[in-house]
Amino acid sequence: MSYCVMVKGPCRGKRCDFWARIKLKKRSIDTLAEDLGEKIQTCDSDKGRRLEEAFKAYWSQIGIRDMKRLSQEEPDLYSKIREVEDTVASSN
């Protein structure tokens, strides 16, 4: 496995979510919640998806590849994601 200078560790290839993590760190909880809420409304009306599936699809669209790994490597960012989801779930 090759070394990645950006993550200062082994390259994850197609499982890399470095830029998605950067994007999430820069965006506010309110902005993320608004975007996620809009996505869920679209999913609910188009495909009848459950809320959890819609959350998973949104984070995947942002570029998060492995939520379990994210929770282990960056617990603060994972907490931010959960807070966004809680905000959206309570407003629906």
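Just so it is clear, the model here is predicted, and its values are computed rather than measured. (Residues numbered from 1 in each chain as written. Predicted model: local features only at pLDDT ≥ 70, side-chain atom pairs only at ≥ 80, totals over all residues. Heavy atoms only, no water.)

Colleague: Looking at this structure, how should I read the pattern of salt bridges?
Modeller: Two side chains with opposite charge may pair up if their charged atoms get near one another. On inspection of all chains with the given rule, the structure shows 8 salt bridges. A salt bridge links Glu74 to Arg21, with the nearest nitrogen and oxygen atoms 3.2 Å apart. Pair noted here: Glu74 is in the loop between helix H4 (67-73) and helix H5 (75-91) and Arg21 is in helix H1 (residues 18-26), with a separation of 53 residues, a long-range link. Across the pair Asp35 and Arg27 runs a salt bridge whose closest N-O atoms are separated by 1.9 Å. (Salt bridge = Lys/Arg side-chain N within 4 Å of Asp/Glu carboxyl O. Helix = DSSP H or I, 4+ residues; strand = E, 2+ residues; numbered from the N terminus.)

Colleague: In this structure, what is going on with a negative patch on the surface? I would like to understand it.
Modeller: A surface patch of negative charge is lined by Asp30, Glu34, Glu38, Glu83 and Asp86. Of all elements in the fold, only helix H2 (29-47) and H5 reach the threshold of two or more residues within the negative patch. It is H2 that provides the largest number of residues to the negative patch, a total of 3 residues. Structurally, Glu83 can be placed in helix H5. Judged by its relative accessible area of 41%, Glu83 is partly exposed. (Patch = residues over 30% accessible without salt bridge, like charges linked within 9 Å, V, L, I, M, F, W, Y side chains within 5 Å. Areas by Shrake-Rupley, 256 points an atom, 1.4 Å probe, with all protein chains shown as cover. Lys, Arg positive; Asp, Glu negative; His and termini not counted. Charge placed at Lys NZ, Arg CZ, Asp CG, Glu CD. Buried < 20%, exposed > 50% of the residue type's maximum accessible area, 1.4 Å probe, protein only.)

Colleague: Any chance you could explain the state of the cysteines here in plain terms?
Modeller: Note on terminology: disulfide describes a covalent bond linking the sulfur atoms of two cysteines. Applying the stated criterion across every chain yields a total of 0 disulfides. Here Cys11 is not cross-linked by a disulfide; its sulfur's nearest cysteine counterpart is in Cys4, at 5.7 Å. You can call Cys11 partly exposed: its relative accessible area is 30%. (Disulfide = S-S within 2.5 Å.)

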